[in-house]
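# Reading the structure
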Amino acid sequence: MQVTEGSHIPVALTVNGTGHDLELDARVTLLDALRDRLGLTGTKKGCDQGACGACTVAVDGNRVLACLTLAAQCDGREVRTVEGLGAGGAPHPVQEAFVRHDAFQCGYCTPGQVMSAVCLLEEGRTGSDEEVREQMSGNLCRCGAYSGIVAAIREVAGDA
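Let us look at the structure shown here.

### Focus on the overall build of the protein chain
- Regarding its fold elements, the protein chain presents five helices and five strands.
- Starting at the N terminus and walking to the C terminus, you meet the elements of the protein chain as β-β-α-β-β-β-α-α-α-α.
- For 160 residues, the compact-globule estimate of 2.2 N^0.38 gives 15 Å, and the protein chain sits close to it at 16 Å.
- Over its C-alpha atoms, taken along the principal directions, the protein chain stretches across nearly 50 × 30 × 25 Å.
- Classification of the 160 residues of the protein chain by burial places 40% in the buried group.

Structure, rendered in structure tokens:
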């Protein structure tokens, strides 16, 4: 398929368990589709260059930077955002641990940090504080809540 400026293509996304059939410009990022088309503004637009991690979401269980991922690349795939965490109105254990460890501070980076932490826990990469710091290194916090973030992740992993 040749894609030209203004070309719209069908994209089927399953976001937080709900299917969405969209007609999108082929150049629309996953971040813009989530925020502008689906109204899911929990995922933040930070640097828009893949450097800060504020837009981290899970696609098929893997962490991705939504600002660097085209929505079309996610056609037919499962996307999970911060809005999709928790169950029955209760926050996800990572969100609760972030509160207990004051790991959210200004809160702007928090959705990306939380999504990255949830994926990290699912990947089982929480063997040490150093491993957690390395695995979370793509998510930047301007407030410096890193020690609280590591403590929250280690607590949920059962290592704290």
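### Observations regarding helix H1 (residues 30-37)
- Taken together, the buried positions of H1 are occupied by Leu 30, Leu 31, Ala 33 and Leu 34.
- Among the structural elements, strand E1 (8-15), strand E2 (18-25), strand E3 (56-59) and strand E5 (78-80) are those in contact with the buried residues of H1.
- Downstream of H1 by one or two residues, Gly 39 has phi in the positive range, about 70°.

### Looking at the nonpolar core
- Residues Phe 98, Val 114, Met 136, Ile 149 and Ile 153 are the most contacted members of the largest nonpolar core, which totals 22 residues.
- When residues of this core are traced back to their parent elements, those giving at least two are helix H2 (93-100), helix H3 (110-123) and helix H5 (146-157).
- Of the residues forming this core, the biggest block, six residues, is contributed by H3.
- In this structure, Ile 153 is in contact with Ala 117, Leu 120, Leu 121, Thr 126, Val 132 and Met 136, ignoring residues within four places of it in sequence.
- In this structure, Ile 9, Val 15, Leu 30 and Ala 33 belong to the second largest nonpolar core, which totals 21 residues.

### Section: the packing of H3 against H5
- Orientation of H3 relative to H5, taken along the N-to-C sense of each, is 35°, at an axis distance of 11 Å. The way H3 lies across H5 gives a crossing that is right-handed. On H5, the residues that touch Gln 113, Ala 117, Leu 120 and Leu 121 of H3 are Tyr 146, Ile 149, Ile 153, Val 156 and Ala 157.
- For the contact of H3 with H5, the residue count by class is eight nonpolar, one polar and no charged.

### Considering the pattern of salt bridges
- Counted under the stated rule, the structure contains nine salt bridges.
- A salt bridge links Arg 63 to Glu 123; the nearest nitrogen and oxygen atoms lie 2.8 Å apart. Of this pair, Arg 63 sits in strand E4 (residues 62-65) while Glu 123 sits in helix H3, and the two are 60 residues apart along the sequence.
- In this structure Arg 63 comes out as partly exposed when scored by relative accessible area, which is 24%.
- Note that Glu 123 is salt-bridged to Arg 125, the shortest N-O span being 3.9 Å.
- The class for Glu 123 is partly exposed, based on a relative accessible area of 31%.
- Exposure remark for Arg 125: the relative accessible area of 38% places this residue in the partly exposed category.

Conventions used here
- Residues numbered from 1 in each chain as written.
- Predicted model: local features only at pLDDT ≥ 70, side-chain atom pairs only at ≥ 80, totals over all residues.
- Heavy atoms only, no water.
- Helix = DSSP H or I, 4+ residues; strand = E, 2+ residues; numbered from the N terminus.
- Rg over C-alpha atoms; globule rule 2.2 N^0.38 Å.
- Buried < 20%, exposed > 50% of the residue type's maximum accessible area, 1.4 Å probe, protein only.
- Contact = heavy atoms within 4.5 Å.
- Core = buried A, V, L, I, M, F, W, Y, C linked by side-chain atoms within 4.5 Å.
- Axes fitted to C-alpha atoms, helices over the stretch in contact; angles between N-to-C directions.
- Left-handed = near helix turned anticlockwise from the far one by under 90°.
- Nonpolar A, V, L, I, M, F, W, Y, C, P; charged D, E, K, R; others polar.
- Salt bridge = Lys/Arg side-chain N within 4 Å of Asp/Glu carboxyl O.

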